[in-house]
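Read off the chains here:
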Amino acid sequence: MSAIRGARERARIEVTAAIKDEARKQLAAEGAAKLSLRAVARELGMVSSALYRYFPSRDDLLTALIVDAYDAVGEAAERAAASPGAPVTGLARWVAVACAVRDWALAHPHEYALIYGSPVPGYSAPQDTVGPAARVGMVLIALVEEARRDEGLALPPLPDELRPEAERLAADVAPGLAPAVAAPLVAAWSQLFGLISFEVFGQFNRVVEAREVFFRQAVTELARTVGLLGRRG
């Protein structure tokens, strides 16, 4: 019986992967708003009722694709931060992580658009997406915290009017980091994805030509806003 269950599980994994692969093709061709379970089933030669056993609704399939995309970009960031050849200093590691996220986005523009583009009409992301969505941010938080311990951070004083919000951010988003670090870190995180979005969605067309050089310099400046100076520990 265990062999039968194992074969069924492998078959389910294979069919699930095929469904998601076809759905990604639809994302590229039509966009997330037009994703259709019936169209996916038709392309795979399945009846709709069979596909519903894997994904009961369009939103369930969208959620699976969103989680996969967040996990993929999160894994890219984690590999860049933790690989044996990773840079030594916090600033260099920050740049390496940022470049890994950019590389993933440029290689997977439609999946990037799914998670960082316009919201899909009628879709509300469930709690299942929260953890995967935080993976890149958690890498940046850990990187800054390690640099604080090993190298120290150089930050300007926290403005009084920002202190209440910075304290809330530190408590909710980056426990363990001082408010003076948490506020600029959240700002830098959002600006990182702003830079990437401008490139992926074409806003840099006829504006920025040397885009990799421009990006590296921009994210180096972002690293300095969170206090990373690049000194060795």
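Procedures and definitions
- Residues numbered from 1 in each chain as written.
- Predicted model: local features only at pLDDT ≥ 70, side-chain atom pairs only at ≥ 80, totals over all residues.
- Heavy atoms only, no water.
- Helix = DSSP H or I, 4+ residues; strand = E, 2+ residues; numbered from the N terminus.
- Buried < 20%, exposed > 50% of the residue type's maximum accessible area, 1.4 Å probe, protein only.
- Arc of directions from axis to C-beta.
- Contact = heavy atoms within 4.5 Å.

1. Details of the overall build of the protein chain
Then, number 1: Each helix and strand in the protein chain was counted, giving 11 helices and zero strands.
Then, number 2: Counting from the amino terminus, helix and strand elements in the protein chain follow one another as α-α-α-α-α-α-α-α-α-α-α.
Then, number 3: Projected onto its principal axes, the C-alpha coordinates of the protein chain cover approximately 60 × 50 × 40 Å.
Then, number 4: Looking at the protein chain as a whole, 42% of its 233 residues qualify as buried.

2. What to know about helix H9 (residues 163-172)
Then, number 1: Looking only at H9, the buried set comprises Ala166, Leu169 and Ala170. Relative to the axis of H9, the buried residues are bounded by an arc of 100° and lie together on one face. Facing away from the buried side of H9 by over 90 degrees, the exposed positions are Pro164, Ala171 and Asp172.
Then, number 2: Packing partners of the buried residues in H9 comprise helix H10 (179-200).

3. Observations concerning the environment of alanine 76
Then, number 1: Looking at where alanine 76 falls in the secondary structure, it is placed in helix H4 (residues 58-82).
Then, number 2: In this structure the C-alpha to C-alpha distance between alanine 76 and arginine 102, which are 26 residues apart in sequence, comes to 9.6 Å.
Then, number 3: Among all residues touching alanine 76, those that are not within four sequence positions of it are Ala100 and Trp104.

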